[in-house]
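Commentary on secondary and tertiary structure
Chain by chain, the residues:
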Amino acid sequence: MSENAESLLLESHRILTGQARGRFGGIAPERMAQHVLDVTHEADWPVRKAALDALSRRYAFAKRDELQVGERPSNGAILGEYRTKAKGKGSRAGARPYATVILSLTPLRMSCSCADFVRSSLGLCKHGLVVLEALERKGAASKATAATPKPTRALLSWTPEHPIRGTGDRLERLVYTHAGRAAPPVGLRDGRPMPRALRDAGQRLAFIASLERSIQRGSLLAEPAVTTLLEEERQRAERRVESESIAATAMKSTSSLQRKLYPYQREGVKRFFETGRLLLADDMGLGKTTQAIAACHGLFETKRIRRGLLIVPAALKPQWKREWDETTHVPLTLVEGSPAERARLYASTKQGFLAIGYEQLLRDLTHVQSFAPELVVLDEAQRIKNWATKSAAYVKALSPAYRLVLTGTPMENRLDELASIMDFVDDLALEPKWRLVPLHSIQNGDGGKGISGARNLEVLRERLSGSMLRRIRKDVLTQLPSRTDTRVPVEMTGVQRDSHDELRRPIAELVKKAERRPLSPAEFFRLMQLLTTQRMICNGMAQVQFEDEWPRCKDTRATPEVLESLFAPKLSALRGLIEQVVVSQQRKAVVFSQWRNMLRLSEWAVRDLLASAGMRALFFTGAESPKQRERAIVDFHDDPSATVMFLSDAGGVGLNLQRAASCCINLELPWNPAVLEQRIGRIYRLGQKLPIDVYNLVSEDGIESRIAKLLAQKRALFTSLFDGTSDEVVFDEKASFMEGVKRLVEPLPPVSDLTVDSGTEDAPDDTAATLAETPAMSTQPDAAPAESQAATTPQGGLSVSRLPDGGLRIEAPPELAAPLALLLESLAKSLRAAAPGP
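Residue positions within a chain follow its written sequence, with the count starting from 1. Given that this is a predicted model, residues contribute local features only at a pLDDT of at least 70 and side-chain atom pairs are listed and counted only at 80 or more, while totals for whole chains, interfaces and linings are drawn from all residues. Think of the side-chain values as coming from all heavy atoms in the structure, minus any hydrogens and water.

Among buried residues, the Ala, Val, Leu, Ile, Met, Phe, Trp, Tyr and Cys ones that are joined through side-chain atoms within 4.5 Å form a nonpolar core. Accessibility here uses a 1.4 Å probe with only protein chains present; expressed as a share of the type maximum, an area under 20% marks a residue as buried, one over 50% as exposed, and anything in between as partly exposed. Membership of the largest hydrophobic core comes to 79 residues, with the highest contact counts inside it found for L571, I578, V590, W604, M645 and I665. I578 has contacts with V583, V591, V606, L609, L610, V644 and I665, leaving out every residue within four places of it along the chain. L55, L67, L79 and L220 belong to the second largest nonpolar core, which has 62 residues in total. In what follows, a contact means two residues having at least one pair of non-hydrogen atoms within 4.5 Å.

If you want it as structure tokens, here you go:
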């Protein structure tokens, strides 16, 4: 060791001794400092400090549990086997005692049969600390410096320190000590396991079984930690052998899926079949849901499982059902209803799959455990990123044999979030957890607690490689279809839902009126306004209350707290998409909304995100001048930093952006499917050389989800107005406009609670008066400014202006354009019918 390295060690020992003082009761702080240096000899100061803190926590747990020494070595020996137990008659007093063997005190070496000793890489656990303190208090620790006597039988020992680099295979650290001429168990040579005995799952299982048999027969003596280690590793090897044995058959069964898998998706499904437990962390849009359904299909069809459970965010349950039914015929039931109804469903489902929300798991854990799913699929697994939450604890209370965890963001902020998720998939992959943050984080150099970067990522990737699969878009570009449409469900806030549902009564009253008689033009406009307001609420309360909210937030940074206060979760969802598609994947994207105010809010929500990556956004709407629009197009094509273009339907028609962008994000779905295709057509047209992604943000709890359903079925609201063969408007057919509206707003409030007229005599005749009484929208859709407008009178979203030549100009926002056209067409038809013949 060099003089400088020795000096650093002495300094580390001095500092650790000072930090250990008073934290370990009667144990000498110098002993704890030296032990930390011994078990972290590969590491630097942050890891060493974390090791001391981890040991201090274990000492605190020992005191909390009131642990004490119960049994000691015979004949007053200091070295040897001890057993600890909880003091008193409490719940912990009945816990099984663990065997703790003191092998040496200088240097400190021990072995314990508890799981924490096997996993922590500290060479100490709370049981060992209790024994050590008892010896220190009696003055015995300083007298015993020799190691335990050489065993008379062959000994299998184990090194508890988990090396920072290497495979991480715990069995590699077994050490076999010969005694006499007895042949070592199969798989051991020169005191170490043979690599081939560890590589293949079947050979690994046979090797472990051979060691366990030798220990049981008494021909092989094992340290306490070894027996625990072998038991854990045997269970893992058994799972792997079983999974590998069914992988080929299960993959073959996926040929009966109703949807074809792409090669990379087949790889993901096969990987799950081979491991039985997998974190699938593919980029958004690569079909994690499809792969999960295929995995469920394969295990069910091959009769490896009978019952499975999907745990998904509540807003995603309908989407999962749609995707499921389009992919497989295996039964899936959404768990809904009262507590009694849900309990009956759990009890009566003997075969098939159930889908529940995270909140339902919190309420129904006992029933879910009785249901005993053999496979659990966990969607949006960042819900369990925090160990302290009930969601994380309840999910980890389940014990299915097969576990498939889905998330496109396995680590959003901190490494311990990733560790919490991995706990459900492979609880050994990131052990020891106390070392995770200090080993892989770069601390701020100013002495603060902040983190300025990450390090040792190759080590982290190696540890995760066995249980996590992540493909980013560029990895599978050649396999992707030319266009991928992804629905991005967004859960509405309580404030949004309340405001949205308040409009159901007036909408229902108008719909009921329409069942008895045709609506007057004023009533028709009123209905359209109410429906449009619901759509705006789905975008967020910040859009509905734009004039109040914009001054408050426009000059601030879009922090999570500010975003949450706006009750507009779509802004957070957009931020996540932009971070993934634009910042991470280095692609350009177009973002559409019918409303420019929503676009302004959206640009604000991602502004700092883009700026931190040296990027910026552009606008192309009806509010920009022709010169500004032209500049935006040039920059979007030629400036690498101009990565996002916000467009409205008014500004986006006729643009050719296929040579600049390969991603389209729709902040809301338009009424008309043709408008949706016009948006996508800006980048999905001749000249596009890359596969494109289309992301549609849909608020699942409101009118948007029903619009999405109609669009998906090619029976959108205004499509039902035309018969498809003529240019006449059809008012009286079954698939009429009002039928479409009814499908959007059902179920209606109870009819008895509604005021419904019986005829037309109380219907207003004065359309203008009724419109004037209807509050105008607080946020207008995008429209080009009227250059010759002399006066504007807003009428329920309409503007009427007199031209210089004395004529009138009537302007309608996009959502009222079609109703206005219907009204004018109806008026023209009536005039023709009333006109005298030639």
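Okay, back to it.
Turning to its location among the elements, N666 is positioned in strand β23 (residues 663-666). Residue N666 is classed as buried on the basis of its relative accessible area of 0%. Polar contact is defined as a pair of N or O atoms within 3.5 Å, subject to the rule that within protein one atom must be able to donate a hydrogen and the other to accept it, and that residues adjacent in sequence are counted only when both atoms are side-chain atoms. Within the structure, N666 has its side chain in polar contact with the side chain of R679 (distance 3.2 Å). Within the structure, the side chain of N666 is placed 2.8 Å from the side chain of N696, a separation counted as a polar contact. Every residue in contact with N666, bar those within four places of it in the chain, is listed here: F592, L676, R679, I680, V694, Y695, N696 and L697. Only DSSP runs of H or I with at least four residues qualify as helices, and only runs of E with at least two residues qualify as strands; both kinds are numbered from the N terminus onward.

Bringing helix α13 (residues 358-371) into the picture now. Expected span, for any helix, means 1.5 Å times one less than how many residues it has. With 14 residues, α13 should cover 20 Å at 1.5 Å per step; its first-to-last C-alpha distance of 16 Å lies more than 12% under that length. We define the bend at each residue as the angle formed by axes fitted to the 7 residues ending at it and the 7 residues starting at it. At D364, α13 shows its largest kink, close to 85°. Among all positions in α13, only Y358, Q360, L361, D364, L365, V368 and F371 are buried. In this structure, the buried side of α13 is in contact with β11 (307-312), α11 (317-327), α12 (339-348), β13 (352-357), β14 (375-378) and α14 (390-396). Taken from the residues just after α13, A372 is the one with a positive phi, measuring 55°.

Disulfides are defined as cysteine sulfur pairs within 2.5 Å. Using the criterion set out here, one finds zero disulfides in the structure. C664 provides the cysteine sulfur closest to C663, a residue in no disulfide bond, and the two sulfurs are 7.1 Å apart.

Pairing is parallel across the open sheet formed by seven strands, whose spatial order is β12-β13-β11-β14-β15-β10-β18. The open sheet has two edge strands with one neighbour each: β12 (332-334) and β18 (468-469). We treat two strands as partners when DSSP finds at least two bridges between them. Inspection of the sheet shows strand β10 (residues 277-280) paired to strand β15 (residues 402-406) by four bridges, in the parallel sense. By the bridge assignment, L279 is partnered in β15 with V405. Sitting on the sheet, helix α15 (residues 415-425) touches β10, β14 and β15, and the angle it makes with β10 is about 145°. Only the stretch in contact is used when fitting a helix axis, every axis being a line fitted to C-alpha atoms; angles between N-to-C directions are given from 0 to 180 degrees.

Here we come to the pattern of salt bridges. Definition used for salt bridges: Asp or Glu carboxyl oxygen within 4 Å of a side-chain nitrogen of Lys or Arg. Enumeration over the complete set of coordinates arrives at 58 salt bridges. Salt-bridge contacts for D116 lead to R58; the nearest nitrogen and oxygen are separated by 2.9 Å. Placement of the pair is D116 in helix α4 (residues 115-120) and R58 in helix α3 (residues 45-64), with a sequence separation of 58 residues. When its relative accessible area of 27% is taken as the criterion, D116 is described as partly exposed. Counted as one network, the salt bridges with shared partners bring together R119, D169, R170, R204, E232, E233 and D427.

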